[in-house]
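Read off the chains here:
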Amino acid sequence: MEHWNSTLGSGFILMGILNDSGSPGLLCATMTVLYTLALTSNGLLLLVITMDAWLHVPMYLLLRQLSLMDLLFTSVVTPKAIMDFLLSENTISFGGCALQVFLVLTLGGAEDLLLAFMAYDRYVAICHPLNYMVLMRPKVCWLMVTTPWVLASLSALGHTLYIMHFSFCMSREISHLLCEIPPLLKLACADTSRYELMVYMMGVTFLIPPFVAILVSYSVILLTVFHMPSNEGRQKALATCSSHLTVVGMFYGAATFMYVLPSSLHSPKQDNIISVFYTIVTPALNPLIYSLRNKEVMGALRRVLQKYMLWTHS
């Protein structure tokens with residue numbers, strides 16, 4: 001069988017969800033709206049948290065990181081997918097594919113770990129409020145911010161170098177929206193069973209411990225909330241936690257399907273739907289879930305807008 005590589009071939013062809021859709025124009029328009037929403041809402045949340053001093057607390061420092069990750073995550077995939085469809089040009093260079101694999105793994109892995117730290121932050125705030133500023137002091141907060149980026153980027157670098165060293169068969173078509181490990185493995189000519197086990201171990205390592213930590217944190221939180229004497233405090237705690245759990249459910253469900261389930265259970269159509277969900281839909285919904293259900297964020301947004309109006313009229 002003939003092989004090709006970055007010097008013999010011009011790259012890969014991304015046969016994403018738009019090419020297989022019955023209404024590609026409508027789907028492209030929907031993706032454009034969702035991407036615009038993700039850019040606007042995440043960008044606005046980043047701006048509000050940065051500018052409003054009332055939000056300079058650990059919870060919103062972590063939320064700002066989530067918005068940054070979502071903004072970058074969707075920007076790695078969505079603009080190219082939309083432009084490829086509009087220009088009828090679906091190719092991606094070998095180097096571009098490697099970069100996309102690295103960025104997707106980095107941002108996905110970092111967000112996975114960050115969600116666990118956010119759950120710990122809520123646990124400390126609700127279960128140990130008197131010790132909150134000690135347990136969540138600035139050094140701890142910055143450790144929570146940097147650790148996901150460092151661990152995820154190191155893991156992503158190793159997997160990117162390994163997956164791109166394979167020889168790929170003459171067929172350059174990737175039946176997927178983006179360059180990602182599972183669909184790339186289907187093009188490799190060598191036996192990839194050992195590496196598939198490594199990918200499975202990566203998925204389990206990055207997904208299961210944080211997910212268990214989140215479940216434990218919220219189990220303790222719920223027990224504490226139900227014993228709160230104040231009905232208002234109980235409602236506020238439940239509102240904050242329910243929004244976080246919604247994000248966790250969407251993200252972990254999609255990531256588990258993609259990186260933990262055996263390849264035999266995958267199909268190109270299912271993989272495309274899942275990839276659209278966690279690279280386009282979730283980044284657009286996350287800031288709305290947090291901001292619309294959070295009075296502090298909405299109050300900060302009003303203060304920032306008032307400052308802007310006063311500045312423009314001065």
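Keep in mind that what you see is a predicted model, and the values were worked out from it rather than measured.

What counts, and where the lines are drawn
Residues numbered from 1 in each chain as written. Predicted model: local features only at pLDDT ≥ 70, side-chain atom pairs only at ≥ 80, totals over all residues. Heavy atoms only, no water. Helix = DSSP H or I, 4+ residues; strand = E, 2+ residues; numbered from the N terminus. Buried < 20%, exposed > 50% of the residue type's maximum accessible area, 1.4 Å probe, protein only. Contact = heavy atoms within 4.5 Å. Areas by Shrake-Rupley, 256 points an atom, 1.4 Å probe, with all protein chains shown as cover. Expected span 1.5 Å × (residues − 1). Salt bridge = Lys/Arg side-chain N within 4 Å of Asp/Glu carboxyl O. UniProt positions renumbered as here; feature names shortened; annotations may be inferred. Axes fitted to C-alpha atoms, helices over the stretch in contact; angles between N-to-C directions. Parallel < 35°, antiparallel > 145°, perpendicular 65-115°, else oblique. Left-handed = near helix turned anticlockwise from the far one by under 90°. Nonpolar A, V, L, I, M, F, W, Y, C, P; charged D, E, K, R; others polar. Pairing = 2+ DSSP bridges. Patch = residues over 30% accessible without salt bridge, like charges linked within 9 Å, V, L, I, M, F, W, Y side chains within 5 Å.

Trainee: Let's hear about the overall build of the protein: which residues, and what values?
Mentor: Within the protein, the secondary structure is distributed over eleven helices and five strands. Across its three principal directions, the C-alpha atoms of the protein cover 70 × 50 × 35 Å. By residue count, 48% of the 314 residues in the protein fall in the buried class. Considering only contacts within the protein whose residues lie at least 6 apart along the sequence, 79% involve residues at least 24 apart. Total accessible area computed for the protein in this model is approximately 15500 Å², and 70% of it derives from carbon and sulfur atoms.

Trainee: Pulling in residues and values, what's your account of the environment of tyrosine 35?
Mentor: With respect to the helices and strands, tyrosine 35 occurs in helix H2 (residues 24-51). Considering only alpha carbons, one finds tyrosine 35 and leucine 63, 28 residues apart in sequence, at a separation of 19 Å. Setting aside its immediate chain neighbours within four residues, tyrosine 35 contacts Thr74, Ser75, Thr78 and Pro79.

Trainee: An account of helix H8 (residues 193-226) is needed here, citing residue identities and associated values.
Mentor: In this model, H8 (34 residues) spans 48 Å end to end at C-alpha, consistent with the 50 Å of a helix rising 1.5 Å per residue. Among all positions of H8, only Tyr195, Val199, Met202, Gly203, Phe206, Leu207, Pro210, Ile214, Ser217, Tyr218, Ile221 and Val225 are buried.

Trainee: Describe in detail the pattern of salt bridges, supporting the description with residues and values.
Mentor: For the coordinates displayed, the defined rule picks out three salt bridges. A salt bridge links arginine 303 to aspartate 52, with the shortest nitrogen-to-oxygen separation between them at 2.9 Å. Of this pair, arginine 303 sits in helix H11 (residues 295-312) while aspartate 52 sits in the loop between H2 and helix H3 (58-87); the two residues are 251 residues apart in sequence, bridging distant segments of the chain. Its relative accessible area of 2% is what places aspartate 52 among the buried residues.

Trainee: Now, about the UniProt feature "transmembrane region" (unreviewed entry) in the protein: what can you tell me, with residues and values included?
Mentor: On the UniProt side, "transmembrane region" (unreviewed entry) is annotated at positions that read residues 24-49, 61-78, 98-120, 140-163, 200-225, 237-261 and 273-292 here. As annotated, residues 61-78 comprises 100% helix and 0% strand, and the C-alpha atoms at either end are separated by 26 Å. End-to-end, the C-alpha atoms of residues 200-225 are 36 Å apart, and along that stretch the chain is 100% helix and 0% strand.

Trainee: I'd love a proper account of the packing of helix H4 (residues 94-127) against H8, names of residues and values included.
Mentor: What describes two packed helices is the angle between their axes and the distance between those same axes. Packing of H4 against H8 leaves a shortest axis separation of 9 Å and a crossing angle of 20°. For the element pair H4 / H8, the angle class is roughly parallel. Pair H4 / H8 crosses with left-handed handedness. Each of Leu105, Gly109, Asp112, Leu113, Leu115, Ala116, Ala119, Tyr120, Arg122, Tyr123, Ile126 and Cys127 in H4 lies in contact with H8, whose residues at this interface are Met202, Phe206, Leu207, Pro210, Ile214, Ser217, Tyr218, Val220, Ile221, Thr224 and Val225. Counted by class, the contact of H4 with H8 contains 18 nonpolar, three polar and two charged residues.

Trainee: How would you summarise the sheet that holds strand E2 (residues 12-14) if you had to cite specific residues and measurements?
Mentor: The strands making up a sheet associate through backbone hydrogen bonding, with each pair oriented either parallel or antiparallel. Read across the open sheet, the three strands follow the order E3-E2-E5; overall the sheet is mixed. Looking at strand neighbours, the two that pair on one side only are strand E3 (91-92) and strand E5 (173-174), the edges of this open sheet. Where E2 and E3 come together, two bridges link them in antiparallel fashion. When the bridges of E3 are listed, isoleucine 13 appears paired with threonine 91.

Trainee: Give a detailed account of a nonpolar patch on the surface, specifying residues and quantitative values.
Mentor: Side chains of Ile208, Val212, Val216 and Val220 sit close together on the surface and give an oily, nonpolar patch of about 290 Å² of accessible area. Within the secondary structure layout, valine 220 lies in helix H8. With a relative accessible area of 32%, valine 220 lands in the partly exposed category.

Trainee: So what's going on with the packing of helix H6 (residues 138-163) against H8? Which residues, and what values?
Mentor: Two elements in contact, H6 and H8, have axes whose closest approach is 12 Å; the angle formed by their N-to-C orientations is 170°. By the angle between their directions, the pair H6 and H8 is classed as roughly antiparallel. Here H6 runs over H8; the crossing is left-handed. Each of Leu151, Ala152, Ser155, His159, Tyr162 and Ile163 in H6 lies in contact with H8, whose residues at this interface are Tyr195, Met198, Val199, Met202 and Phe206. A class-by-class count of the residues in the contact of H6 with H8 yields nine nonpolar, two polar and no charged.

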